[in-house]
Structures are given as structure tokens and as C-alpha cells.
Amino acid sequence: MSLEVTSGEHGVVRVFSLGYRVSKELQHFEAVDKLAQALGVDHLKPEDVQIVDISALADMGLSSFLIEAYGVAEEDVAPLAESLNALQGHVAVLRSGAFQGAALTLAASDDVRLVATLHEPRMSAPAPMPDFESARGTSKGPKERKPVSDKAMSGRIAMYALLAVFAFTIMFVWIAS
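Residues numbered from 1 in each chain as written. Predicted model: local features only at pLDDT ≥ 70, side-chain atom pairs only at ≥ 80, totals over all residues. Heavy atoms only, no water.

Draft legend 1. Highlighting the overall build of the protein chain. The secondary structure content of the protein chain amounts to 7 helices and 6 strands. Ordering the α and β elements of the protein chain from the N terminus gives β-β-α-α-β-α-α-α-β-β-β-α-α. On C-alpha atoms alone, the protein chain measures out to a radius of gyration of 35 Å, which is more than a quarter above the 16 Å that the 2.2 N^0.38 rule sets for 177 residues. By its C-alpha atoms, the protein chain is 100 × 55 × 35 Å across when sized along the principal axes. For the protein chain, with 177 residues in total, the buried portion stands at 30%. (Helix = DSSP H or I, 4+ residues; strand = E, 2+ residues; numbered from the N terminus. Rg over C-alpha atoms; globule rule 2.2 N^0.38 Å. Buried < 20%, exposed > 50% of the residue type's maximum accessible area, 1.4 Å probe, protein only.)

This is the structure we're talking about:
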């Protein structure tokens, strides 16, 4: 099976059914590298690859898992729900990011079969922030400092002079005793 992945692809979720041999290899070796090898590509981005043991989903089912975990629209999954929920063993769920934006041709081995190609929801741009008077703030910048008056400067000088006289007095009393 060969499958084209376009350059810059975004928002596509592919579900691959894994045969027994590939499932066992993924459990014993580096999973993402073995999956990349089984898909006929050099490298997959691990953050966008998930190997799912269907028996671990219990009553949830694979279709519900894809809706809940990947945000795939229920309307997109509904036609495939019966076949997705009938799968057994392991599946690999790959988001577009797994291919790191490169144009590729997947040449999957016989033990890897594409089951579904779905789409994640498109993110809409955030709404513009409303303009409220309170949001503008009231700050007019830093206040200007007044220059120090002559009286304040004279007071500081006098205080330092008194401290120096006090220190010399203490020192003379200490030396004298």
C-alpha cells in the first residue's frame, strides 16, 4: 500500500491497524522507529504518534477514543464507527505532525493497514479584545521628582556631621577607659 502525505499537511489523523508481527516488534523495540520502518519512512515525530492497545480502551471503543482524544467530529467517525470498534490488537494513530511537514509516500508493509483518515477540528482565530475604558489603564508614566530643597540638603549634612562627632566621642571614651 502506498499513501501520499502532502508537504505542510495539517490536521489529518490517520489510523493504522497493526498486524500481529508489527505489534510484537513495537512492544519489544523502540516503538516509533519500528513503526516508521513498517510505514516505509525514515523518521516519525514521537509526540504525534500513539500506539493504542484496543483492549485497554475497554467499553470506550476506538471511535469514541478518537472523538475524545483527538477532537475528531462525531459526524466524521460515525460512518466508520462499526469497523473501528471491531478492530482488535493494536492500532497506530498518527497526526500530521508525525511527518514533520515533509511530503512523503508511505510504503506500508503488509502488516500495517490504513483504516481511517480523519480530520482534527480547525482552530478559529481568537475574537478581538473589546475596547473598554477600564482596560486602557490610568497610568501616565513615572512621576517627576522634585529637586531636593536647600533646607533638606542642609539637614542631611548636619545629621552626618552629628553622627561623626558622636562616633569620635564614643571612640575617645573607649580609648580613655
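Draft legend 2. Representation of the packing of aromatic side chains in the model. On inspection of all chains with the given rule, the structure shows 2 aromatic pairs. Judged by centre distance (6.1 Å) and plane angle (75°), the rings of Phe-65 and Tyr-70 are edge-to-face. Centroid distance Phe-168 to Phe-172: 6.5 Å. Interplanar angle 25°. Geometry classified as stacked. Placement of the pair is Phe-168 and Phe-172 together in helix α7 (residues 150–176), with a separation of 4 residues, close to one helical turn. (Phe/Tyr/Trp six-rings, centres within 6.5 Å; stacked < 30°, edge-to-face > 60°.)

Draft legend 3. Spotlight on the sheet that holds strand β3 (residues 49–53). Taken in spatial order, the 4 strands line up as β3-β4-β2-β6 in an open sheet, and their pairing is antiparallel. In the strand order of this sheet, the two ends are held by β3 and β6 (112–119), each with one partner. Across the sheet, the axes of successive neighbouring strands diverge by a mean angle of 20°, strand direction being ignored. Relative to strand β4 (residues 90–95), β3 is paired through 5 bridges, and the arrangement is antiparallel. Its bridge partner being in β4, Asp-53 is matched across the sheet by His-90. Contacting β2 (12–18), β3, β4 and β6, helix α2 (residues 31–39) crosses the sheet at an angle of about 85° to β4. Contacting β2, β3, β4 and β6, helix α3 (residues 61–70) crosses the sheet at an angle of about 30° to β4. (Pairing = 2+ DSSP bridges. Axes fitted to C-alpha atoms, helices over the stretch in contact; angles between N-to-C directions. Contact = heavy atoms within 4.5 Å.)

Draft legend 4. How the structure looks around unusual backbone geometry. Notably, Gln-100 is not glycine yet its phi reads approximately 55°, a positive angle. Looking at where Gln-100 falls in the secondary structure, it is placed in the loop between β4 and β5 (104–107).

Draft legend 5. Main features of the environment of Ser-177. Structurally, Ser-177 is set in the segment after α7. With relative accessibility at 77%, the residue Ser-177 sits in the exposed group. Only 3.1 Å separates the side chain of Ser-177 from the backbone oxygen of Trp-174, close enough to count as a polar contact. (Polar contact = N/O pair within 3.5 Å; in protein donor to acceptor, adjacent residues only side chain to side chain.)

Draft legend 6. The arrangement of the pattern of salt bridges in detail. Counted by the stated rule, this structure contains 5 salt bridges. The structure contains a network of salt bridges with shared partners spanning Lys-45, Asp-48, Arg-95 and Glu-120. (Salt bridge = Lys/Arg side-chain N within 4 Å of Asp/Glu carboxyl O.)

Draft legend 7. Region of interest: the nonpolar core. Among the nonpolar cores identified, the biggest contains 21 residues, and Phe-16, Leu-35, Leu-39, Leu-44, Leu-94, Leu-106 and Val-112 are the most heavily contacted of them. Elements with a contribution of two residues or more to this core: β1 (2–5), β2, α1 (20–28), α2 and β4. Ranked by residue count, the leading element in this core is α2, at 5 residues. Not counting residues up to four positions away in its chain, the partners in contact with Leu-35 are Leu-18, Leu-26, Leu-44, Val-49, Ile-51, Ala-92 and Leu-94. Membership of the second largest hydrophobic core comes to 18 residues, among which are Ile-54, Val-72, Leu-87 and Val-115. (Core = buried A, V, L, I, M, F, W, Y, C linked by side-chain atoms within 4.5 Å.)

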